[in-house]
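Summary of the model geometry
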Amino acid sequence: MNAGTRWKLAVPLIGLSLLMTVPAVWGTWVFWSEFGNTYRALSIVICLVLLAKLGLAVSIGVRPAPDVPWLRVGLIALAFLLACGVAAVRRSV
């Protein structure tokens, strides 16, 4: 897989990751003093998962691979589901 193809795959994943990561980090920072410790801890977990997801998306474009990096794409999908699940738990707290 050449660099152009890798980046064609990585750029939309990076964009989608940023669409989730930036508001999560910003909201955690802005509303930090308004919630309790459990809500804060779950917010930090969400931010860390989304930052890992962003790192995986960038790694698709940066790291050479002979074929489509399905493992990394799958991990991005798993991180998305994990962040949504933790957000659902956080909402019920």
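In case you missed it, the structure is sitting above this.
Summary of the structure given here. All values derive from a computational prediction rather than experimental measurement.

Thoughts on the overall build of the protein
Assigned secondary structure in the protein consists of 3 helices and 0 strands. Moving toward the C terminus, one meets the helices and strands of the protein in the order α-α-α. Viewed in the frame of its principal axes, the protein has a C-alpha envelope of about 50 × 20 × 15 Å. Here the protein holds 93 residues, and 31% of them are scored as buried. Looking at the protein alone, contacts between residues at least 24 apart form 73% of all its contacts between residues at least 6 apart. Per element, the accessible surface of the protein, about 5900 Å² overall, is 74% carbon and sulfur.

Concerning the packing of helix H1 (residues 3-30) against helix H2 (residues 37-62)
One can describe the packing of H1 onto H2 by two numbers: an axis separation of 8 Å at closest approach and a directional angle of 160°. Relative to H2, the element H1 is oriented roughly antiparallel. Note on packing geometry: the crossing formed by H1 with H2 is left-handed.

Some thoughts on the packing of aromatic side chains
Using the criterion set out here, one finds 2 aromatic pairs in the structure. Geometrically, the ring pair formed by Trp26 and Phe31 is edge-to-face, given 6.5 Å between the ring centres and 80° between the ring planes.

What to know about helix H3 (residues 70-92)
Over its 23 residues, H3 extends 33 Å from the first C-alpha to the last, a length consistent with the 33 Å expected when each residue adds 1.5 Å. Of all the positions in H3, only Arg72, Ile76, Ala79, Ala83, Val86 and Arg90 are classed as buried.

With respect to the packing of H2 against H3
For any two helices packed against each other, one specifies the crossing angle of their axes together with the interaxial distance. Two elements in contact, H2 and H3, have axes separated by 9 Å at closest approach and are oriented at 165°. Considering the angle they form, H2 stands roughly antiparallel to H3. Helix-helix and strand crossings are classified by hand; for H2 and H3 the assignment is left-handed. Side by side, H2 and H3 meet where Tyr39, Leu42, Ser43, Val45, Ile46, Val49, Leu50, Lys53, Leu56, Ala57, Ser59 and Ile60 of the first sit next to Arg72, Val73, Leu75, Ile76, Ala79, Phe80, Leu82, Ala83, Val86, Ala87, Val89 and Arg90 of the second. Residue composition of the contact of H2 with H3, grouped by class: 19 nonpolar, 2 polar and 3 charged.

Points about the side chain of Ser43
The residue Ser43 is located in helix H2 in this model. Setting aside residues up to four positions removed in sequence, Ser43 forms contacts with Thr28 and Arg90.

Reading guide: rules and limits
Residues numbered from 1 in each chain as written. Predicted model: local features only at pLDDT ≥ 70, side-chain atom pairs only at ≥ 80, totals over all residues. Heavy atoms only, no water. Helix = DSSP H or I, 4+ residues; strand = E, 2+ residues; numbered from the N terminus. Buried < 20%, exposed > 50% of the residue type's maximum accessible area, 1.4 Å probe, protein only. Contact = heavy atoms within 4.5 Å. Areas by Shrake-Rupley, 256 points an atom, 1.4 Å probe, with all protein chains shown as cover. Axes fitted to C-alpha atoms, helices over the stretch in contact; angles between N-to-C directions. Parallel < 35°, antiparallel > 145°, perpendicular 65-115°, else oblique. Left-handed = near helix turned anticlockwise from the far one by under 90°. Phe/Tyr/Trp six-rings, centres within 6.5 Å; stacked < 30°, edge-to-face > 60°. Expected span 1.5 Å × (residues − 1). Nonpolar A, V, L, I, M, F, W, Y, C, P; charged D, E, K, R; others polar.

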